[in-house]
Amino acid sequence: GGRTNSLGKCSVALNDLWSLHNNPAGFSLYKDLSIGLSYENRFLLKELGYKNVGLLLPLKNCVFGISASQFGYEHYNENIIGFALARNFGPYLKIGLKLDYIFLKFSEDYENFSTPTFELGIQYEINENLNLGAYLFNPIHVKIRSINNSKIPIIMRLGFSYFIKDDFMITSEIEENIEENFSYRFGIEYECYKGFYIRSGFQLTPKLFTFGIGYDYQWCKIDVSGQMNQELGTSINCSLIFIINTKVYKEAA
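Everything numeric here is computed off the predicted structure, so don't read it as measured data.

### Topic: the overall build of the chain
When helices and strands are tallied, the chain shows 2 helices and 14 strands. Relative to its length of 253 residues, the chain is compact, with a C-alpha radius of gyration of 18 Å against a globular reference of 18 Å. With the principal axes as the frame, the chain shows a C-alpha extent of 55 × 40 × 35 Å. Here the chain, with 253 residues, has 46% of them falling under the buried criterion. Contacts in the chain between residues far apart in sequence, at least 24 positions, make up 44% of those at least 6 positions apart. Split by element, the accessible area of the chain, about 13200 Å² in all, is 62% carbon and sulfur. The centroid of the 23 positive side-chain charges in the chain is displaced by 5 Å from the centroid of its 26 negative side-chain charges.

Shown next, in the form of structure tokens:
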């Protein structure tokens, strides 16, 4: 989503529809049927396009989510389909579980590969301003059935979001990917006018500077972000969230 990408890629302690892709505990507060669409043009190359879609359906005691994402182009692409459940346990604790099916598709006569895995997310609201989040992807370290039995990486995130004022938030997190380097992220969000947001942030390893804007209307949220990598160039992301019901979802701090 454009919000996460403009906040230095921080996501683990946020509460929005794109938590469906980033930390399934984060959408447990949703009260309305909602649909999200996102497209990222990485380094302005169409072959590195990243597409995401998500749907959230509130039930009696939990929220059910369906997600799909695709990275790549016609000759090689990575795809993930996921089914998630999230709910509150008391006023402070939120837990989410998501089952994923990953498949890699190649063109022509190359064999395609696939595997299932899962992810787990937890958030704990310390008070009305401070929210903690933890996330774990692929804890069983599954392999993709291929010539060299490559493993899908284990990814762990830990972070927080803190509202210094009602209209000003900071968020930060660390990520450990066992196949790559440790990374630190930081982002700020300011509501400069009712429903209109400006955001910025950075990520270390790889080094990224991020920025973006967002607008929340009653039934629609629009977020646009840009990312600058000193070596590889610029990436652009745009995402939309459509709220089907008449109630307007409000994020808890």
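Next comes the rest of the account.
### Notes on a nonpolar patch on the surface
Nonpolar side chains collect at one region of the surface, where L44, Y190, I198, I213, I222, V224 and I236 lie side by side and expose about 560 Å² of accessible area between them. Summarising the element assignment, I198 is placed in strand 11 (residues 196-204).

### Side note on the confidence of the model for the chain
The predicted model of the chain has a mean per-residue pLDDT of 91, with 94% of residues at 70 or higher. At the level of individual helices and strands, the chain shows its lowest average pLDDT in strand 5 (residues 93-106), which scores 94, and its highest in strand 7 (residues 130-137), which scores 98. Counting interchain partners and residues more than four positions distant, the pLDDT-below-50 stretch residues 246-253 has 22 contacts.

### A few points about the nonpolar core
Most often, soluble globular proteins keep nonpolar side chains buried together rather than apart. If you look at the biggest cluster of nonpolar residues, it comprises 11 residues: V12, A13, I102, L104, F113, Y135, F137, V142, I144, I152 and I155. Residues L17, L20, L56 and I241 belong to the second largest nonpolar core, which totals 10 residues.

Criteria and cut-off values
Residues numbered from 1 in each chain as written. Predicted model: local features only at pLDDT ≥ 70, side-chain atom pairs only at ≥ 80, totals over all residues. Heavy atoms only, no water. Helix = DSSP H or I, 4+ residues; strand = E, 2+ residues; numbered from the N terminus. Rg over C-alpha atoms; globule rule 2.2 N^0.38 Å. Buried < 20%, exposed > 50% of the residue type's maximum accessible area, 1.4 Å probe, protein only. Contact = heavy atoms within 4.5 Å. Areas by Shrake-Rupley, 256 points an atom, 1.4 Å probe, with all protein chains shown as cover. Lys, Arg positive; Asp, Glu negative; His and termini not counted. Charge placed at Lys NZ, Arg CZ, Asp CG, Glu CD. Patch = residues over 30% accessible without salt bridge, like charges linked within 9 Å, V, L, I, M, F, W, Y side chains within 5 Å. Salt bridge = Lys/Arg side-chain N within 4 Å of Asp/Glu carboxyl O. pLDDT = per-residue confidence, 0-100. Core = buried A, V, L, I, M, F, W, Y, C linked by side-chain atoms within 4.5 Å.

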